[in-house]
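# Fold and geometry: a report
Chain by chain, the residues:
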Amino acid sequence: MEITKAVVDAVNIPVTVKTRLGWDENNKCIVDLAERLQDCGIAALTVHGRTRAQMYTGDADWTLIGKIKENPRMHIPIIGNGDVRTPERAKECFDLYGVDAVMIGRASFGQPWIFRDVKHYLEHGEHAVPFTFAECMDILREQVRDSVEWLGERPGILHVRRHLAATPLLKGLADFRPLRIEMLRAEKIDDLMAILDKIVEIYG
Ligand SMILES: Cc1cc2nc3c(=O)[nH]c(=O)nc-3n(C[C@H](O)[C@H](O)[C@H](O)COP(=O)(O)O)c2cc1C
């Protein structure tokens, strides 16, 4: 709390906080904490519906996130987070818990188009026409380029590998294993791009 207040006082830009429900099962203090954080002057609060002790086990529990929103004293935007993997679940989280936004983490690994898919579903109540294989590959290639541009060649490639490894797009392709190994071992951007081009040529 003191750290948050000190940061809010020290800077001239909006300060936001992201935290969990509490330390463990017996200390889920988030509803009270949210109010106190708001009193520190933060601009928005994101809550991951797990405790620290849970790490990533069990399911995210959104009920306390909903309780924060029910508190009439709260007025800053509340962003709910945890296990949102589909457009339907995103909509459900808005509807059931009244959050101002949802944050998506792991479900974006290897499918950054999930943000478009969720947005479309929320706005239109139906699924977007799925991107084609080639369009998805274009997006992944852009992600690789951005990663290298922002982080540099080696760190950028190391960073983006987990996204390429996780992408559902390349799951279950016939005889993909050797190319997958090449893709996840490439150390130069030109080599990696050439492999991605080859994947489009073969499977596109
Ligand atoms: C690789 C990885 C790195 C993360 N780094 C951070 C971080 O730096 N700060 C943070 O608040 N949460 C971090 N998180 C937690 C996520 O932001 C998020 O709260 C959590 O994954 C639950 O949301 P999800 O089910 O949508 O993934 C990280 C999660 C993963 C998987």
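Small disclaimer: the values here were computed from a predicted structure and weren't measured.

Each helix and strand in the protein chain was counted, giving 9 helices and 4 strands. Each helix and strand of the protein chain, ordered N terminal to C terminal, gives the series α-β-α-β-α-β-α-β-α-α-α-α-α. Considered along the principal axes of its C-alpha atoms, the protein chain spans approximately 55 × 40 × 30 Å. With 204 residues in all, the protein chain has 40% of them scored as buried.

Before going further, it helps to spend a moment on the site of the ligand. Near the ligand, the surroundings consist of Lys18, His48, Tyr56, Asn81, Gly82, Asp83, Ile104, Gly105, Arg106 and Arg162. Taking Lys18, its side chain carries an N or O atom lying 2.8 Å from an oxygen atom of the ligand. Measuring from an oxygen atom of the ligand, one finds a backbone N or O atom of Asp83 at 2.7 Å. Coverage of the ligand by the protein amounts to 61% of the 600 Å² it exposes when considered alone. Taken together, the residues of the shell around the ligand break down into 2 nonpolar, 4 polar and 4 charged.

Time to look at the nonpolar core. By size, the foremost hydrophobic cluster in this structure holds 29 residues, and its most contacted members are Ile42, Leu45 and Trp62. Among the secondary structure elements, those contributing two or more residues to this core are helix H2 (30-39), strand E2 (44-48), helix H3 (63-70), helix H4 (87-97) and helix H5 (114-124). Top contributing element to this core by residue count: H2, with 4 residues. Among all residues touching Trp62, those that are not within four sequence positions of it are Gly80, Asn81, Gly82, Val84, Arg89, Cys93, Tyr97, Val99 and Val102.

Quick look at H4 now. Turning to H4, its buried residues number three or more, namely Pro87, Ala90, Cys93 and Tyr97. All buried residues of H4 project into a common sector of 140 degrees when viewed along the axis, lining one side. Away from its buried face by more than 90 degrees, H4 exposes Asp95 and Leu96. Against the buried residues of H4 lie H3, strand E4 (101-103) and H5. One or two positions beyond H4, positive phi appears at Gly98, with a value near 65 degrees.

Attention now goes to the sheet that holds strand E3 (residues 78-81). Here 4 strands make up an open sheet; going across it, the order is E1-E2-E3-E4 and the pairing parallel. The strands lining the two open edges of the sheet, one partner per strand, are strand E1 (16-20) and E4. Sheet twist, expressed as the average angle between the axes of neighbouring strands with direction ignored, equals 25 degrees.

A separate point is the packing of helix H7 (residues 153-166) against helix H8 (residues 177-185). Viewed as axis vectors pointing N to C, H7 and H8 meet at an angle of 160 degrees, and their least axial separation amounts to 9 Å. Here H7 lies roughly antiparallel to H8, going by the angle between them. You can see that H7 and H8 cross each other, and the crossing is right-handed. Taking contact as the criterion, the partners of Arg161, Leu164 and Ala165 in H7 are, on H8, Arg180, Met183, Leu184 and Arg185.

One frequent convention defines the size of an interface as the accessible area lost when the parts assemble. As far as domains go, the protein chain holds domain 1 (2-124) and domain 2 (133-203). Averaged C-alpha coordinates put domain 1 and domain 2 at centres separated by 31 Å. Contacts between domain 1 and domain 2 engage 6 residues on the former and 10 residues on the latter. Across the interface of domain 1 and domain 2, roughly 630 Å² is buried in total on both sides, 78% from carbon and sulfur atoms. Among the residues of domain 1 in contact with domain 2, Phe109, Gly110 and Trp113 are the three that bury the most area, contributing 77% of the side total.

Turning our attention to the packing of aromatic side chains. All told, the structure shown has 2 aromatic pairs when counted by the stated rule. Centroid distance Trp62 to Tyr97: 5.8 Å. Interplanar angle 35 degrees. Geometry classified as tilted. Pair noted here: Trp62 is in the loop between E2 and H3 and Tyr97 is in helix H4, with a separation of 35 residues, a long-range link. In this pair, the class of Trp62 matches that of Tyr97, namely buried. With a centroid separation of 5.9 Å and an interplanar angle of 80 degrees, the aromatic rings of Phe176 and Tyr203 are classed as edge-to-face. On the criterion of sequence distance, the pair formed by Phe176 in the loop between H7 and H8 and Tyr203 in helix H9 (residues 189-203) is long-range, its members being 27 residues apart. Judged by relative accessible area, Phe176 falls into the buried class, the value being 6%. For the cation-ring pair, Arg20 lies above Tyr56, with the distance from its terminal atom to the ring centre recorded as 5.3 Å.

Calculation criteria
- Starting from 1, residues in each chain are numbered consecutively following that chain's sequence as written.
- Note on the predicted model: pLDDT of at least 70 is required for a residue's local features to be given, and 80 or more for side-chain atom pairs to be given and counted; whole-chain, interface and lining totals, by contrast, use all residues.
- The basis for every side-chain value is the complete set of heavy atoms in the structure, and neither hydrogens nor water enter the calculation.
- What counts as a helix is a DSSP run of H or I of at least four residues, what counts as a strand is a run of E of at least two, and both are numbered from the N terminus.
- Note on classification: 1.4 Å probe, protein chains only; a residue is buried when its accessible area is under 20% of the maximum for its type, exposed when over 50%, partly exposed between these limits.
- Note on definitions. A residue lies near a molecule or strand when any single heavy atom of the residue is within 4 Å of it.
- Between N or O atoms, a polar contact is any pair within 3.5 Å; within protein, one atom must be a potential hydrogen donor and the other a potential acceptor, and residues adjacent in sequence are included only when both atoms are from side chains.
- Per-residue and other accessible areas follow the Shrake-Rupley method at a 1.4 Å probe size, with only the shown protein chains counted as cover for residues.
- All residues other than Ala, Val, Leu, Ile, Met, Phe, Trp, Tyr, Cys, Pro, Asp, Glu, Lys and Arg, Gly among them, are scored as polar; the first ten of these are nonpolar and the last four charged.
- Residue types Ala, Val, Leu, Ile, Met, Phe, Trp, Tyr and Cys, when buried and joined through side-chain atoms within 4.5 Å, form a set referred to as a nonpolar core.
- Here, residues are in contact when the closest pair of their heavy atoms is within 4.5 Å.
- Arc definition: directions from the helix axis to the C-beta atoms.
- Two strands form a pair only when DSSP identifies at least two bridges running between them.
- Between N-to-C directions, angles span 0 to 180 degrees; the directions come from axes that are lines fitted to C-alpha atoms, helices contributing only their stretch in contact.
- Just so you know how the angles are binned, under 35 degrees is roughly parallel, over 145 roughly antiparallel, 65 to 115 roughly perpendicular, and the rest oblique.
- In this scheme the crossing of two helices becomes right-handed for a clockwise turn of the near helix relative to the far one and left-handed for an anticlockwise turn of less than a right angle.
- A domain assignment, automatic or from a database, supplies the domain bounds used here.
- Once two parts are joined, some of their accessible surface, as seen by a 1.4 Å probe, is lost; buried area is that loss totalled over both.
- Two rings from Phe, Tyr or Trp (for Trp, the six-membered ring) form a pair when their centres are within 6.5 Å of each other. A pair whose planes differ by under 30 degrees is stacked, one over 60 is edge-to-face, and the rest are tilted.
- The rule is short: NZ of Lys or CZ of Arg within 6 Å of the ring centre and within 35 degrees of the ring normal puts a charge over the ring.

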